[in-house]
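Results of the structural survey
What follows is each chain in one-letter form.
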Amino acid sequence: MKALSELTDEEKDVLKGKGIQKTNYSQTERFIVDGKKLLENQPFNLRRHTRFIEFPEHGHDYMEMMYVYAGTVTHWIGKEKIKLQRGDILFLNKHIRHRIIRADTQDLGINFILSDTFLQTLMNGVNNNPVMKRFLEENLTEYGEGEYLYFQTQNNFCIRNLMNNLIYAIVNRTKELYGEILALLFSYLSYYENTLVNASRYSTPEARFQKAVLSYLESNYQTATLKELAKNMGYNEAYLSRRIRLTTGTDFRTLLQNKRMDCAADLLSSTALTVEQVIHAVGYENQSFFHRNFRLRYGSTPLRYRKQFTKQ
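Residues numbered from 1 in each chain as written. Predicted model: local features only at pLDDT ≥ 70, side-chain atom pairs only at ≥ 80, totals over all residues. Heavy atoms only, no water.

We now examine the nonpolar core. Core analysis: the largest hydrophobic core is formed by 35 residues, its most contacted members being M65, F91, F112, M132 and L182. Sort the elements by how many residues they give to this core and helix α6 (residues 157–171) lands first, with seven residues. Sequence-distant contacts of M65, that is, excluding residues within four places in its chain, are made with I89, L90, F91, I110, N111, F112, L114, M163, L166, L182 and L185. Within the second largest apolar cluster, 29 residues are counted, among which are V213, Y221, I244 and I279. (Core = buried A, V, L, I, M, F, W, Y, C linked by side-chain atoms within 4.5 Å. Buried < 20%, exposed > 50% of the residue type's maximum accessible area, 1.4 Å probe, protein only. Helix = DSSP H or I, 4+ residues; strand = E, 2+ residues; numbered from the N terminus. Contact = heavy atoms within 4.5 Å.)

Following this line, the structure appears as structure tokens:
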């Protein structure tokens, strides 16, 4: 832990006034952290959370587990604020986004990066833990529901002892112990089920279906098609179209259009892109169609909408 507590190069840059360099983590504009950059050709790894700066909203292409070794670390998941205390554990699947407020010197959060390949080897070992089993299955789907599991384990010696052993094994590259310790951790979390704070969040199949559709649109709104979504979800187009209307109250085309308009509004308010560049960035070629539908959704032209955010 002495080594993990020392200032990283990124933290030294932050203390000099530099911000988070997103290119160190991601190659996408939406800031999806690339696991290959952090795993170092391993199926499982850890890194300490960067302190002294707010870490902006982001997602991952892997499942992440944060363990707070000391102090506190606060996450925002949408409008939900989760303040992890020393000893707490937060699992985040690869379909969810979050941001983390500024942590100070004494706040030590350890991020565990778990690749899909590694998680698949653990599936048989979590059959006795239906909550964790379902969580892993949802994570491994291509367009699953964004979910998290929040365990308040600060007063549970057994789990904290396991976490410290897991950290020690990873730091010392004792790879043969990774899976055994993690499988044991999942079993303990199942046994101490009262430590799971958000057990009531598990949703109905209809809600999971809706969130899977919205997750696809979130990631692919520039080029999304009903045909591609049907192929990804294993449905024929006619059935998928009917089910989308039944569960969301509208059709696929409207959902896609609303998503594109919302992204356009975000670009207009937060970037210097021209209106024409914004139109192309969100997947439209017909400018007249864009202008007409933008006004219907926001009651304003794109330029007038932008002026709301550029007034001094």
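Past the structure itself, the notes keep going.
The alternating pattern of strand β10 (residues 148–151) places Y148 and Y150 on one face and L149 and F151 on the opposite face, and all of these are buried. With four bridges joining them, strand β7 (residues 89–92) and β10 adopt antiparallel strand pairing. Across the sheet, I89 pairs through a bridge with F151, a residue of β10. (Pairing = 2+ DSSP bridges.)

This part covers the sheet that holds strand β4 (residues 63–70). Strand pairing in a sheet takes place through backbone hydrogen bonds and is either antiparallel or parallel in direction. Across the sheet, which stays open at both edges, the five strands sit in the order β2-β9-β4-β7-β10 with antiparallel pairing between neighbours. The strands lining the two open edges of the sheet, one partner per strand, are β2 (44–48) and β10. Along the sheet, successive strands turn relative to each other by an average axial angle of 15°, direction set aside. Note that β4 and strand β9 (residues 108–114) share seven bridges and pair antiparallel. When the sheet's bridge partners are listed, A70 is paired in β9 with L108. (Axes fitted to C-alpha atoms, helices over the stretch in contact; angles between N-to-C directions.)

One side chain can pair with another of opposite charge once the charged atoms of both are near each other. On inspection of all chains with the given rule, the structure shows 13 salt bridges. A salt bridge links E11 to R48; its shortest N-O distance comes to 2.2 Å. Note that E11 is positioned in helix α2 (residues 9–15) and R48 in strand β2, a separation of 37 residues in sequence. We note a salt bridge from K94 to D116, for which the minimum N-O separation is 2.5 Å. A residue pair is termed long-range when its members are at least 10 positions apart, and K94 in the loop between β7 and β8 (98–100) and D116 in helix α4 (residues 116–120) qualify at 22 residues. Through salt bridges with shared partners, one network takes in E11, R48 and R51. (Salt bridge = Lys/Arg side-chain N within 4 Å of Asp/Glu carboxyl O.)

Moving on: the sheet that holds strand β5 (residues 72–77). Strand order in this open sheet of five strands is β1-β3-β8-β5-β6, and the pairing throughout is mixed. The open sheet is flanked by β1 (32–33) and β6 (80–85), the only strands paired with a single partner. The sheet contact formed by β5 and β8 spans two bridges and is antiparallel. Paired with H75 across the strands is I100, a residue of β8.

Here the focus is the packing of helix α11 (residues 252–270) against helix α13 (residues 287–298). Interaxial distance between α11 and α13 falls to 10 Å at its minimum, and their mutual angle equals 85°. Relative to α13, the element α11 lies roughly perpendicular. Of the residues in α13, those touching α11 at R253, Q257, N258, M261, D262, A264, A265 and L268 are F289, F290, N293, F294, R297 and Y298. Residues that form the contact of α11 with α13 fall into these classes: eight nonpolar, three polar and three charged. (Parallel < 35°, antiparallel > 145°, perpendicular 65-115°, else oblique. Nonpolar A, V, L, I, M, F, W, Y, C, P; charged D, E, K, R; others polar.)

Turning our attention to the side chain of E64. Tracing the backbone shows E64 in strand β4. An unpaired buried charge is present at E64: no salt bridge exists, and R47, the closest side chain of opposite charge, is 6.8 Å distant. There is a polar contact of 3.4 Å between the side chain of E64 and the side chain of H60. Leave out the neighbours within four places in its chain, and E64 touches L90, F91, L92, H98, N111, F112 and L114. (Lys, Arg positive; Asp, Glu negative; His and termini not counted. Polar contact = N/O pair within 3.5 Å; in protein donor to acceptor, adjacent residues only side chain to side chain.)

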